[in-house]
Amino acid sequence: MNSMKKAVRLRFAPSPTGPLHIGGVRTALFNFLFVKKHQGTLLLRIEDTDRSRYQEGAEAYIRESLEWCGIQFDEGPYRQSDRQEIYRQHVGKLLDAEYAYYAFDTVEDLDRMREEEKEKGNHVPKYDAKTRMQMKNSLTLSPEEVERRLASGDPYTIRLRMPEEGEISFDDAVRGEVSFATRELDDKIIMKSDGWPTYHLANVIDDYTMEISHVIRGEEWLSSTAHHIYMYRGFGWEDHIPQFAHIPLILKPSGKGKLSKRDGQKFGFPVFPMAWKNREKAEDNFEGFDSFGFSPAAVINFLAFLGWNPGTEQEIFSMEQLIEAFSLKQVAKSGAKFDFDKARWFNQQHLQDQAPEQFLQGALPFLKQAGIETDGHARLSEILGLVQPRVHTYQEVPTACHFFYSDRFELDVKTIRKRWKPEIKPHFEALTKQLSELPDFESSSIKVFVSAYLAEHGLSFGQMLPLLRVALTGAAAGPDLFKIMELLGREEVFPRFARAPGQFEAQGT
RNA sequence: GGCCCGUUCGUCUAGGGGUUAGGACGCCGGGUUUUCAUCCCGGUAACAGGGGUUCGAAUCCCCUACGGGCUGCCA
């Protein structure tokens with residue numbers, strides 16, 4: 001460790017193999033929060049060394065999603081596919097230092113070795129200090145043979161030669177000291193036979209050349225960190241090993257294992273920030289938090305609390321507040337199960353805090369999608385004002401206010417059965433008739449009038465109001481009934497009241 | 001199987017030698033002289049087990065159990 005103060009530079013390094021899932025977004029978020037907290041630099045690096053898994057549009061998706069979330073980069077994107085030459089040059093140093101060697105084994109050779117080892121009782125055989133001397137590589141072949149194979153263009157990989165003796169340990173910012181015996185570690189391929197580096201090599205070279213000071217990444221990388229550190233040694237970069245912070249994984253809500261792409265459909269919630277659609281195969285289309293009606297601020301807030309918390313009792317945070325409060329010391333060590341109910345609650349809290357105009361903008365696409373034509377309706381803001389405090393997602397908005405735009409809806413049968421009594425019917429008719437003669441059709445006047453009528457006839461709100469509500473909206477629940485009447489206006493209210501008794505009776509008692 | 005990491009209410013977590021073990025989600029119950037999907041109030045519920053260390057362990061150590069990750073010419 002050198003004591004020179006390094007500039008705070010972090011990277012988020014996704015692989016463009018499909019839409020970025022919520023775990024990746026959280027990793028990006030923690031990187032972002034840390035960088036902003038320390039006035040550092042965040043860069044985006046696209047790890048596209050696996051051409052076979054490359055997906056068109058994935059990089060654009062990653063950038064759009066992160067932008068939607070409010071996560072910005074100061075540099076990049078850098079693409080590993082543009083840096084092939086850099087990796088080639090560097091790997092030579094590892095070869096020269098005998099930290100790496102050529103391996104000529106075919107996929108079949110490897111399969112055979114694994115089979116044979118298994119038969120010998122080695123349950124999960126590795127290409128390592130124990131087995132490498134049985135394989136075809138520059139450690140077992142004569143220098144002339146190696147030379148010949150290289151010259152003749154035989155396919156080869158380059159493997160990291162992990163020493164048989166020794167320990168590699170490091171101080172992880174969330175887990176403390178972690179150490180590995182090198183003899184337990186396999187000789188990872190760092191350069192593939194197609195000429196591309198694997199993650200392990202590219203990642204180390206890039207982090208060094210891009211002067212990365214801290215690596216915040218998922219716990220799935222913890223096991224290979226010793227390999228990475230070993231490469232820093234081989235390159236002579238020991239003084240430039242970044243501070244590692246391995247953050248806990250996001251787990252499935254039920255069952256076991258880390259949250260995966262398919263869990264969205266399985267459990268009925270989004271696992272991607274934005275929808276990923278219009279793919280050829282139906283099963284490759286995914287919903288997103290956006291299409292579920294979430295505000296990005298809520299998604300961020302929810303994600304931040306999966307594996308981190310400020311140590312205070314505050315739960316609702318803006319991005320600015322998260323930056324202010326964030327610290328790696330408060331990151332939990334254990335995996336966190338994804339809890340969609342909690343996500344909905346965060347969203348509801350954020351929606352309630354929104355300015356009316358912001359809420360309207362968020363809700364608009366969902367209204368359109370539901371076929372509600374809002375253009376030219378001056379009362380939209382008022383309607384949304386009634387709805388905003390009651391919804392958990394934008395998605396609920398159309399259902400919550402469709403009756404303002406249409407008088408065709410299902411009636412809540414339960415309420416009708418419970419409340420529609422023969423002795424109520426005359427009062428329903430008399431009350432609505434007298435209401436129609438009210439000179440001032442404004443919620444407070446309506447309320448005064450209705451209250452007086454009920455009091456005069458010894459009826460409770462509970463006997464009458466649910467019926468009025470079902471007549472007007474179809475539903476048993478919703479915003480203040482008198483406000484609804486005012487906004488609906490007489491010309492909508494009274495026809496609905498007039499037809500109601502017939503509809504109620506048709507529903508049967 | 002091996003290695004690494006972890007384990008506080010059902011879930012997310014606070015707490016790091018002495019606490020009535022706190023909060024939030026969910027759930028349940030009340031209230032808002034109407035509904036409830038809002039809001040308010042209240043309630044239920046946890047230190048995985050066993051050994052140490054200590055006057056005293058949820059907190060420190062060890063073991064076991066359980067969970068997760070890795071164990072690919074994927075990242």
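Read on for a plain summary of the structure. Worth saying up front: this structure is predicted, and the values here are computed from it rather than measured. (Residues numbered from 1 in each chain as written. Chains lettered and ligands numbered in written order. Predicted model: local features only at pLDDT ≥ 70, side-chain atom pairs only at ≥ 80, totals over all residues. Heavy atoms only, no water.)

This paragraph deals with the pairing of strand β3 (residues 75-79). Across three bridges, strand β2 (residues 41-46) lies against β3 in parallel orientation. Pairing of Ile 46 across the sheet is with Arg 79, part of β3. (Pairing = 2+ DSSP bridges. Helix = DSSP H or I, 4+ residues; strand = E, 2+ residues; numbered from the N terminus.)

Once that is clear, we can look at helix α1 (residues 22-37). Each turn of an α-helix holds 3.6 residues, which means side chains three or four residues apart point in the same direction. With 16 residues, α1 ought to run about 22 Å at 1.5 Å a step, and its terminal C-alpha atoms sit 22 Å apart, in line with that. Gln 39 occupies a position one or two residues after α1 and carries a positive phi of about 50°. (Expected span 1.5 Å × (residues − 1).)

Counting 57 residues, the largest nonpolar core has Leu 29, Ile 71, Phe 289 and Phe 338 as the members making the most contacts within it. Ranked by residue count, the leading element in this core is α1, at nine residues. Contact partners of Leu 29, with chain neighbours within four places excluded, come to Ile 71, Ile 300, Leu 303, Ala 304 and Met 319. Of all hydrophobic cores here, the second largest spans 53 residues; its members include Leu 380, Val 397, Leu 431 and Leu 488. (Core = buried A, V, L, I, M, F, W, Y, C linked by side-chain atoms within 4.5 Å. Buried < 20%, exposed > 50% of the residue type's maximum accessible area, 1.4 Å probe, protein only. Contact = heavy atoms within 4.5 Å.)

A separate point is the sheet that holds strand β8 (residues 189-191). Reading across the sheet, the three strands line up as β4-β5-β8 and stay open at both edges, with antiparallel pairing between neighbours. Edge strands, defined here as strands with exactly one partner in the open sheet, are β4 (100-103) and β8. For this sheet, the mean inter-axis angle between neighbouring strands, taken without regard to orientation, is 45°. Those strands touched by helix α3 (residues 84-96) are β4, β5 (157-160) and β8, and its axis lies near 130° from that of β8. (Axes fitted to C-alpha atoms, helices over the stretch in contact; angles between N-to-C directions.)

On to the protein's contact with RNA strand B. Around RNA strand B, the surrounding shell holds 62 residues, and the nearest of these are Arg 175, Lys 192, Lys 256, Glu 315 and Arg 390. A share of 72% of the atoms of RNA strand B within 4 Å of the protein falls on sugar and phosphate groups. Glu 47 is positioned such that a nitrogen or oxygen atom in its side chain is 3.3 Å from a sugar or linking oxygen of RNA strand B. Residue Arg 114 places a side-chain N or O atom 3.3 Å away from a phosphate oxygen belonging to RNA strand B. Mapped by element, the contributors of at least two residues to the surface near RNA strand B are α4 (107-119), β7 (176-181), β12 (336-337), α11 (340-353) and α18 (461-473). (Near = heavy atom within 4 Å. Polar contact = N/O pair within 3.5 Å; in protein donor to acceptor, adjacent residues only side chain to side chain.)

This part takes up the packing of α18 against helix α20 (residues 490-506). At a minimum axis distance of 8 Å, the contact between α18 and α20 shows a crossing angle of 105°. Relative to α20, the element α18 is oriented roughly perpendicular. Only Val 493, Arg 496, Phe 497, Arg 499, Ala 500 and Phe 504 of α20 make contact with α18, whose side of the interface consists of Leu 467, Leu 468, Val 470, Ala 471 and Leu 472. Partitioned by chemical class, the residues of the contact of α18 with α20 number nine nonpolar, no polar and two charged. (Parallel < 35°, antiparallel > 145°, perpendicular 65-115°, else oblique. Nonpolar A, V, L, I, M, F, W, Y, C, P; charged D, E, K, R; others polar.)

A few words now on the pairing of β2. Summarising burial for β2: five of the six residues are buried, a large majority. One ladder, built from four bridges, connects strand β1 (residues 9-12) with β2; its direction is parallel. In the sheet register, Arg 11 faces β2, and the bridge partner there is Leu 43. Handedness of the crossover is the feature at issue here: the chain leaves β1, passes through α1, returns alongside β2, and the resulting connection is right-handed. Between β2 and its parallel partner β3, the chain crosses via helix α2 (residues 58-69), and the hand of that crossover is right-handed. (Right-handed = clockwise from strand over helix to strand, strands pointing away.)

Below, the discussion takes up the environment of Gly 371. Topologically, Gly 371 is positioned in the loop between α12 (356-369) and α13 (380-387). For the pair Gly 371 and His 402, spaced 31 residues apart in sequence, the C-alpha to C-alpha distance is 9.4 Å.

A separate point is the side chain of Arg 11. Counting through the fold element by element, Arg 11 comes out in strand β1. Given a relative accessible area of 4%, Arg 11 falls into the buried group. In this structure the side chain of Arg 11 is engaged in a polar contact, spanning 2.9 Å, whose partner is the side chain of Asp 207.

This part takes up the packing of aromatic side chains. Geometrically, a pair of aromatic rings is defined through the distance of the ring centres and the angle of the planes. Scanning the model with the defined rule gives 35 aromatic pairs in all. Ring centres of Phe 428 and Phe 497 lie 5.9 Å apart, and the angle between their planes is 85°; this geometry places the pair in the edge-to-face category. One end of the pair, Phe 428, is in helix α16 (residues 425-436); the other, Phe 497, is in helix α20, and 69 residues separate them in sequence. As far as the burial class goes, Phe 428 and Phe 497 line up, both buried. Considering the side-chain rings of Phe 441 and Phe 494, the 5.5 Å spacing of their centres and the 55° angle between planes classify their relative orientation as tilted. A residue pair is termed long-range when its members are at least 10 positions apart, and Phe 441 in the loop between α16 and α17 (443-456) and Phe 494 in helix α20 qualify at 53 residues. One residue, Arg 26, lies across the ring of Phe 30, its end atom 5.3 Å from the ring centre. Looking at Arg 149, its charged tip hangs above the ring of Phe 104, at a distance of 5.3 Å from the centre. (Phe/Tyr/Trp six-rings, centres within 6.5 Å; stacked < 30°, edge-to-face > 60°. Lys NZ or Arg CZ within 6 Å of the ring centre and 35° of its normal.)

Now for the environment of Gly 236. For Gly 236, the location among the structural elements is in the loop between α7 (225-235) and β10 (243-247). Residue classification places Gly 236 among the exposed positions, given a relative accessible area of 57%. Along the backbone, Gly 236 and Ala 97 are 139 residues apart, and their C-alpha atoms lie at a distance of 9.9 Å.

Another point: the packing of α1 against helix α9 (residues 296-304). A pair of packed helices can be characterised by two numbers: the angle between their axes and the separation between those axes. The interhelical angle for the contact between α1 and α9, taken along N-to-C directions, is 85°, at an axis separation of 10 Å. By the criterion of interaxial angle, the relationship of α1 to α9 is roughly perpendicular. Contacts between α1 and α9 involve Ile 22, Val 25, Arg 26, Leu 29 and Phe 30 from the former and Val 299, Ile 300, Leu 303 and Ala 304 from the latter. Of the residues in the contact of α1 with α9, the class split is eight nonpolar, no polar and one charged.

Honestly, it's all geometry; don't read function into it.
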